[in-house]
Amino acid sequence: MKKLYLYELKKLCDVIAILTFIALMGVKLLDIIHYTPEYDFSVEYYREYIDIVYGEANDEKGEYIENERQYIEDTISRKDEMEQAFSSGKITLDEFNEYYKEYNYALSHFGAMMHLYEKYQYFETMKGTERTPVYFYDLDAIEYLKEFGADALFLIFIIVFGLRAWNLDRQHGMLLSVSATKFGRLRKENMQLAALSSVAVVGSVISFSLDIIIFCARCGSEQLSMPLYSMQEFGGCQYNVSILDYMLLVLLIRLIWSVALSFIIAAVYKLIGNMYACIAVSAGVIFIPLATGEVLPQWLRTALAGSQLTGFSVLESSVPLSIPTAAATAAAMYGIIILITKKKRV
């Protein structure tokens, strides 16, 4: 059994597969270089405000934000009044110039302050709860975590090279030499599944490690310890976890559903047999739910591998449901594999 497992593993991890995997992960790392988000307010001024209020939210920081917002809005609203006062001679040129300095400050800081004020209002909703939100520069973290989920490049790799390995057996006559009996066929199927599942798990861990590297490069490693709920975009998550904890939970879902994906790929190949048709069907099973996930109801997304591989169940607090669903999916696919294996000679 061990030799057969190692044979299947070697077949999956040949030179072409390894070089392709390295290339795909290299493409993923390019995300660090090409990261250029744009905002409708000054990031520089927003960072300055965050430096002032950095840390756990409290009444003193809330008062500062309220006062600064009021000052900015009042200064901007007085523009017509001050221009009329200067035109009528009620104020001097020096007084008018002094106001315009304040006006330019207020106008340039308006967008950044409104963004911070929105965060402050969100933090106010958590008063009296067990949550202790933290002010930190979260723009980069938000942008990255919005994209964090299913690793499309790695999924393509698993689908293509998993099916490629099975197809090689058919082309080289391996099925005929090893699968003369039902027991032999089933043993080979089990070892193929074990090998593909191993590659899926190890590959998922490597891909996740790159996710951590990219996050730290973009946002700084210190942000991994920040509470996820401090970012309003992720406030709906009922788990009181840090950003790192959230990413680890997503990894857990990825690992479990990557194994389920291995069973799905194997079942599809047993049903269809043609490699290219299987690639198309397997890709559809994964990427159609990925593309339409937002419009699908939660109960349906829970049952679809493509949706689950995004880790949405963490944000929607349905991890306990996701795990048994993955097990049930794998069991159903394995049942199909056994049924077809017993009926077919090759």
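Residues numbered from 1 in each chain as written. Predicted model: local features only at pLDDT ≥ 70, side-chain atom pairs only at ≥ 80, totals over all residues. Heavy atoms only, no water.

Structurally, Lys-146 can be placed in helix H7 (residues 139-147). Using a relative accessible area of 52% as the deciding quantity, one classes Lys-146 as exposed. Placed 88 residues apart in sequence, Lys-146 and Phe-234 show a C-alpha to C-alpha distance of 9.1 Å. Once residues lying within four places of it in the same chain are set aside, the contact partners of Lys-146 are Glu-233 and Phe-234. (Helix = DSSP H or I, 4+ residues; strand = E, 2+ residues; numbered from the N terminus. Buried < 20%, exposed > 50% of the residue type's maximum accessible area, 1.4 Å probe, protein only. Contact = heavy atoms within 4.5 Å.)

Attention now goes to the nonpolar core. Counting 67 residues, the largest nonpolar core has Leu-145, Ile-243 and Met-247 as its most contacted members. Secondary-structure elements contributing two or more residues to this core are helix H2 (15-33), H7, helix H8 (152-172), helix H10 (182-219), helix H11 (243-272), helix H12 (275-292) and helix H16 (319-343). Sort the elements by how many residues they give to this core and H11 lands first, with 16 residues. Those residues in contact with Met-247 that lie beyond four places of it in its chain are Tyr-144, Leu-145, Phe-148, Phe-208, Asp-211, Ile-212, Phe-215 and Leu-224. Residues Ile-50, Ile-72, Ala-112 and Tyr-117 belong to the second largest nonpolar core, which totals 20 residues. (Core = buried A, V, L, I, M, F, W, Y, C linked by side-chain atoms within 4.5 Å.)

Tallied over the full model, the rule gives 21 aromatic pairs. Geometrically, the ring pair formed by Phe-21 and Phe-154 is edge-to-face, given 6.2 Å between the ring centres and 75° between the ring planes. Within this pair, whereas Phe-21 is found in helix H2, its partner Phe-154 is found in helix H8, the two being separated by 133 residues in sequence. Considered together, Phe-21 and Phe-154 belong to a single accessibility category, that of buried residues. Ring centres of Tyr-144 and Phe-215 lie 5.9 Å apart, and the angle between their planes is 65°; this geometry places the pair in the edge-to-face category. Of this pair, Tyr-144 sits in helix H7 while Phe-215 sits in helix H10, placing them 71 residues apart in sequence. Every member of this aromatic cluster is reached through a ring pair, and the members are Phe-86, Phe-96, Tyr-99, Tyr-100 and Tyr-103. (Phe/Tyr/Trp six-rings, centres within 6.5 Å; stacked < 30°, edge-to-face > 60°.)

Spacing of three or four residues puts side chains on the same side of an α-helix, whose turn is 3.6 residues. The terminal C-alpha atoms of helix H4 (residues 59-77), which comprises 19 residues, lie 27 Å apart, in line with the 27 Å expected from a rise of 1.5 Å per residue. The distance from a side-chain oxygen at the start of H4 to the backbone nitrogen of Glu-60 is 3.2 Å, and the residue carrying that oxygen is Asn-58. (Expected span 1.5 Å × (residues − 1). Polar contact = N/O pair within 3.5 Å; in protein donor to acceptor, adjacent residues only side chain to side chain.)

Together, Val-15, Ile-18, Leu-19 and Ile-22 make up an exposed nonpolar region whose accessible area comes to about 390 Å². By the secondary structure assignment, Val-15 is in helix H2. (Patch = residues over 30% accessible without salt bridge, like charges linked within 9 Å, V, L, I, M, F, W, Y side chains within 5 Å. Areas by Shrake-Rupley, 256 points an atom, 1.4 Å probe, with all protein chains shown as cover. Salt bridge = Lys/Arg side-chain N within 4 Å of Asp/Glu carboxyl O.)

Now for the pattern of salt bridges. Taken as a whole, this structure holds nine salt bridges when the rule is applied. The salt bridge involving Arg-69 is made with Glu-73; its shortest N-O contact spans 2.9 Å. Pair noted here: Arg-69 and Glu-73 are both in helix H4, with a separation of four residues, about one helical turn. According to the relative accessible area criterion, Glu-73 is partly exposed, its value standing at 29%. With a shortest N-O distance of 2.5 Å, Lys-119 and Asp-138 are connected by a salt bridge. Of the two residues, Lys-119 is situated in helix H6 (residues 93-124) and Asp-138 in the loop between strand S2 (134-135) and H7; the sequence distance between them amounts to 19 residues. Just as Lys-119 is buried, Asp-138 falls in that class too. In this structure, a network of salt bridges that share partners links the residues Lys-28, Asp-211 and Arg-254.

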